[in-house]
Amino acid sequence: MAVIDEILNIANIPFIIIVFIIAIGSIGFAIYLSLKIRDMPEGTQKMKDIAEYIRQGARTYLRRQYKTIIIIGLIITVCLAIGIDWSMHWRIGEFSIVFVAFLTGMGCSLLSGYIAMYTATQANVRTANKVREEGMSKALQVAFDGGLVMGLAVVGLSLLSVMIMLFVISPFVDTYTAIEGSIIGLAFGASLAALFAQLGGGIYTKAADVGADLVGKIEAGIPEDDPRNPGVIADNVGDNVGDIAGRGADLFESITGETIATMVLAILLFATAPVQYKIYALFFPLVARACGLGATILGKFFVKGKDTDEPWNILVKGLYSTTIVCAILFLVICLVMFEGAAAWFFYGAAVIGLVAAVLIGIVTLYYTDERYRPVRSISDACETGPATCTIAGMSVGLESTALPVIIIAGALLGSFFLGYTAGGILTYAGFDSLSGGTFATALATMGMLSICGIVLSLDGFGPIVDNAGGIVEMAQLEDKVRDETDRLDSCGNTTKAYTKGYAIGSAALAAILLFEAYLGLANKAAADAGKTIDFGLQVPHVIIGLLIGALLVFVFTAYAMRAVGATAQDMMVEIRRQFREIPGLREGKEGVTPDYARCVDISTKSSLRQMVLPGALVVITPIIIGVLLGAMGVGGFLMGSTIAGVLMALYLNTGGAAFDNSKKLRKKFRDKSKPETIEAYNAAVCGDTIGDPMKDTAGPSIHILIKLVGTISLQFAALFAVYYLLQIGV
């Protein structure tokens, strides 16, 4: 009997309908919000012109970047079609369309980034105009809705693509294990596209930002986002291609990879369970993701406030209400989809994930908000110069790794023991306490990522209000308008820091989930040959893999930081040239404008050139390890890259955000009549230029690195196991 016949059992139809309706409905609601934003007035003609410059730059960059990614992706597609679909599967009579799943994942990831970028470049100028016409609270709503389009579209596309691939594959296979081989390709394609999108966008945005800041603020002594600065449009374009398009692709692959890894674990762990509960376990991540989408839409309506309210206090109501609704919906589906008392323990594991998501966000806020000790300590250190500022910022970044790691460890341990208890209650043959514990850690990850839609909305809010402030400054609107956009921008820095903490926490759990799924597939392939694979640390292959995995994170970070520095140098040379060669530009003479397009072009070409080598390194390394050291070496490699990657990303993301907000705090203390305050501000700007590539290029790209190596290893797990068995003569 084909798997599709069991999936389409009458008991499963309500879940299938719910998932499809919510996935399509969320995408439809995102389109509605996008059209609603587009119909709002853009403001003055100068505001319209500036917004159009930003849109054109973002479109041009994405066109070139996507062309590069598609070429790389098509080469890999051919390799998958020949190396897996034809050579490995069709020859033994097993249906396989890994290459189709890979293309689908890559395409949806790129589409997610484009949708996010399109809406953000429409919302930025409307947000600025709302501040001008109606005040802060109305503008906040526009910016939040712009971010919500990204959240709903990304999660909806992920859910829909997984469902479609499941129904494309299942009519042609007779076992559930045959599904996993093809559907993993979806996560592989999404991860590959996301890495290049985030890395390239991060290089672009931070090179433009650093170049514009160092020459404009420090050398020329002009304000941030001043229209005289030739790099200012490139800087604002960068917010959209890095923080928006890159993050949209990043979170799409996180959600997709985590959903598929949970499905793979469900197939492996519930292999001997009754058919109905086996299907329920398979569908649970999809239904849970749909519940998260529904909760996100409900959470939107709690985002309300007055002009006198703190923007963060308005936004956080949506976050907390979404979390509460998710907890309620999770209880319902756990009681329906799992047996007896075990359902309560599995529900507890999911709630632990939800709680961990909130706690990691709170810790990140503490380390990045200007109201608290870490950022204030960096700001104080600026008074004695750039060196002490840098030392203080690095110290804060290193310290900030402790509490999130403890929270992640606690979530893993707590969910495992709840699942361990549930596994002892269930009486399925072959399903034991260890199986229950492993599956419960997957449910904790599902819990953490269930609020991804609302978190993405907060993430998108940040770059939109940042752009709005830039447009207000370049359009030379009244000071009171800029004061209000500064309030929103300060809140946007908080939301971006919060979401980056959330992203690395979810990436850590997702990477561990991928690792568990990899071990399951590799052991299954060995068991089919009557052998076992030892992944213990006493095996040299594992130790070598572990070291190389950790090394990859450091080398990748070095390449990413170097790429920003090299591109920023090109940008600084061009900005200096224009200040030097265009008469009246530095002085702001009437009718004199810089060549914005030249700076956009420099940042575009350089970032695309610089992204290829580190991206290729991530793709090739796990395959080389698998060929040289077999499945055991890859197991160690995944452990090393996950541990080093989580710590490095926490350090880079949080430390970089603390640098950024300490600069904004020093800006408040700046007084032109007191030279020492100007010098302290310049020191903070130097610290911020170090923090920029940390938090917006290398850090976010490591999120994807640890998941991409996991999905690649998962895709080739059986091949690595078979290769190892051939090496030992089996």
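For the structure, see preceding data.
Residues numbered from 1 in each chain as written. Predicted model: local features only at pLDDT ≥ 70, side-chain atom pairs only at ≥ 80, totals over all residues. Heavy atoms only, no water.

Chemist: Describe the overall build of the protein chain, and please don't skip the residues or the numbers.
Modeler: For the protein chain, the helix and strand inventory stands at 20 helices and zero strands. For 730 residues, the compact-globule formula gives about 27 Å, and the C-alpha radius of gyration of the protein chain, at 25 Å, lands near that figure. Dimensions of the protein chain, computed from the C-alpha atoms along their principal axes, are close to 80 × 50 × 40 Å. Relative to its 730 residues, the protein chain shows a buried fraction of 64%. Put simply, of all contacts in the protein chain between residues at least 6 apart along the chain, 85% involve residues at least 24 apart. Carbon and sulfur atoms make up 65% of the accessible area of the protein chain, which totals about 24,400 Å². (Helix = DSSP H or I, 4+ residues; strand = E, 2+ residues; numbered from the N terminus. Rg over C-alpha atoms; globule rule 2.2 N^0.38 Å. Buried < 20%, exposed > 50% of the residue type's maximum accessible area, 1.4 Å probe, protein only. Contact = heavy atoms within 4.5 Å. Areas by Shrake-Rupley, 256 points an atom, 1.4 Å probe, with all protein chains shown as cover.)

Chemist: With reference to specific residues and values, describe the packing of helix α5 (residues 136–169) against helix α8 (residues 275–300).
Modeler: One can describe the packing of α5 onto α8 by two numbers: an axis separation of 11 Å at closest approach and a directional angle of 160°. For the element pair α5 / α8, the angle class is roughly antiparallel. Handedness of the α5/α8 crossing: left-handed. Each of Gln141, Phe144, Asp145, Leu148, Leu152, Val155, Gly156, Leu159, Val162, Met163 and Leu166 in α5 lies in contact with α8, whose residues at this interface are Leu282, Phe283, Leu286, Arg289, Ala290, Leu293, Thr296, Ile297 and Lys300. Class assignment for the residues of the contact of α5 with α8 results in 14 nonpolar, three polar and three charged. (Axes fitted to C-alpha atoms, helices over the stretch in contact; angles between N-to-C directions. Parallel < 35°, antiparallel > 145°, perpendicular 65-115°, else oblique. Left-handed = near helix turned anticlockwise from the far one by under 90°. Nonpolar A, V, L, I, M, F, W, Y, C, P; charged D, E, K, R; others polar.)

Chemist: Provide a residue-level description of the pattern of salt bridges, including the pertinent values.
Modeler: What the rule picks out here adds up to 25 salt bridges. In this structure, arginine 598 and aspartate 601 form a salt bridge, with 3.9 Å as the shortest nitrogen-oxygen distance. Residue arginine 598 and its partner aspartate 601 are located together in helix α18 (residues 596–669), separated by three residues, close to a single helical turn. What makes aspartate 601 buried here is its relative accessible area of 17%. A network of salt bridges, in which partner residues are shared, links Arg64, Glu574, Arg577, Arg580, Glu581, Arg598 and Asp601. (Salt bridge = Lys/Arg side-chain N within 4 Å of Asp/Glu carboxyl O.)

Chemist: Would you mind going over the packing of aromatic side chains in detail, with residue names and values included?
Modeler: Within the structure shown, the criterion is met by 16 aromatic pairs. Relative to phenylalanine 167, the ring of phenylalanine 20 has its centre 6.0 Å away and its plane inclined at 45°; by these criteria the two rings are tilted. Taken together, the residues span a long stretch of sequence, with phenylalanine 20 in helix α2 (residues 13–38) and phenylalanine 167 in helix α5 at a distance of 147 residues. An angle of 85° between the planes, with centres 5.7 Å apart, marks the rings of phenylalanine 346 and phenylalanine 439 as edge-to-face. Of this pair, phenylalanine 346 sits in helix α10 (residues 342–368) while phenylalanine 439 sits in helix α14 (residues 433–449); the two residues are 93 residues apart in sequence, bridging distant segments of the chain. Taken as a pair, phenylalanine 346 and phenylalanine 439 share a single burial class, namely buried. Connected via pairs of aromatic rings, a cluster forms that spans Phe270, Phe284, Phe330, Phe338, Phe346 and Phe439. (Phe/Tyr/Trp six-rings, centres within 6.5 Å; stacked < 30°, edge-to-face > 60°.)

Chemist: Account for empty space enclosed by the protein, naming residues and giving values.
Modeler: Here the structure, examined in full by the defined rule, presents seven cavities of 30 Å³ or more. Approximately 60 Å³ is the volume attributed to the second largest cavity. Lining of the second largest cavity is provided by Asn493, Lys496, Ala497, Lys500, Ala657, Asp660, Asn661 and Lys695. Within the residue set of the lining of the second largest cavity, elements represented by two or more residues are α16 (479–528) and α18. No other element matches the four residues that α16 contributes to the lining of the second largest cavity. (1 Å grid on protein atoms, 1.4 Å probe; cavity = no way out; pocket = protein on both sides within 12 Å on 5 of 7 lines; lining within 4 Å. Points joined across faces, edges and corners; volume = space filled by probe spheres on them.)

Chemist: Before we move on, could you go through the side chain of serine 415 and cite the residues and values that matter?
Modeler: Along the chain, serine 415 turns up in helix α13 (residues 402–425). For serine 415, a relative accessible area of 0% translates into the label buried. Only 3.1 Å separates the side chain of serine 415 from the backbone oxygen of leucine 412, close enough to count as a polar contact. Each residue touching serine 415, except ones within four places of it in the same chain, is listed here: Ala349, Ile352, Ala440, Thr441 and Ala444. (Polar contact = N/O pair within 3.5 Å; in protein donor to acceptor, adjacent residues only side chain to side chain.)

Chemist: Which residues make up the layout of surface pockets, and what values go with them?
Modeler: Gaps left between atoms are located by rolling a probe of water-molecule size over the structure's atoms. One number sums up the size of the largest pocket: a volume of about 1,100 Å³. Those elements that provide at least two residues to the lining of the largest pocket are α9 (311–337), α16, α18 and α19 (675–715). Residue contributions to the lining of the largest pocket peak at eight residues, all from α16. Taken together, the residues that form the lining of the largest pocket break down as seven nonpolar, seven polar and 19 charged.

Chemist: Quick one: what's the story with the side chain of threonine 322, residue by residue and with numbers?
Modeler: Mapped onto the fold, threonine 322 is located in helix α9. Classification of threonine 322 by relative accessible area gives buried; the value is 0%. Among the polar contacts listed, one links the side chain of threonine 322 to the backbone oxygen of alanine 295, at a separation of 3.5 Å. Apart from residues no more than four positions distant in its own chain, threonine 322 is found in contact with Ala295, Thr296, Gly299, Ile451 and Ile454.

Chemist: Please set out the packing of helix α4 (residues 98–134) against helix α15 (residues 452–474) residue by residue, giving values where relevant.
Modeler: At their nearest, the axes of α4 and α15 sit 8 Å apart, and the two run at 55° to each other. The pairing of α4 with α15 is recorded here as oblique in orientation. The way α4 lies across α15 gives a crossing that is right-handed. Judged by residue contacts, Ala120, Ala123, Asn124, Val125, Thr127 and Ala128 of α4 engage Ile464, Val465, Asn467, Ala468, Ile471 and Val472 from α15. Tallied by class, the residues present in the contact of α4 with α15 amount to nine nonpolar, three polar and no charged.

Chemist: Any chance you could break down the environment of lysine 667 for me, citing the residues and the numbers?
Modeler: Mapped onto the fold, lysine 667 is located in helix α18. Residue lysine 667 is classed as partly exposed on the basis of its relative accessible area of 30%. For lysine 667 and methionine 150, which are 517 residues apart along the polypeptide, the C-alpha to C-alpha distance reads 31 Å.

Chemist: Tell me about a nonpolar patch on the surface, residues and numbers included.
Modeler: Together, Ile620, Ile623, Ile624, Val627, Leu628 and Tyr723 line one region of the surface with nonpolar side chains, adding up to about 510 Å² of accessible area. Ranked by residue count, the leading element in the nonpolar patch is α18, at five residues. Note that valine 627 resides in helix α18. (Patch = residues over 30% accessible without salt bridge, like charges linked within 9 Å, V, L, I, M, F, W, Y side chains within 5 Å.)

Chemist: Please give an account of unusual backbone geometry that cites residues and values.
Modeler: At glutamine 476, a residue that is not glycine, the phi angle is positive and equals roughly 55°. In this structure, glutamine 476 sits in the loop between α15 and α16. A relative accessible area of 58% places glutamine 476 in the exposed class.

Chemist: How would you explain the state of the cysteines if you had to name every residue and give the values?
Modeler: Enumeration according to the criterion identifies zero disulfides in this entry. Of all cysteine sulfurs, the one in cysteine 452 lies closest to cysteine 108, which takes part in no disulfide; the gap is 15 Å. When its relative accessible area of 14% is taken as the criterion, cysteine 108 is described as buried. Here cysteine 491 is not cross-linked by a disulfide; its sulfur's nearest cysteine counterpart is in cysteine 452, at 19 Å. (Disulfide = S-S within 2.5 Å.)

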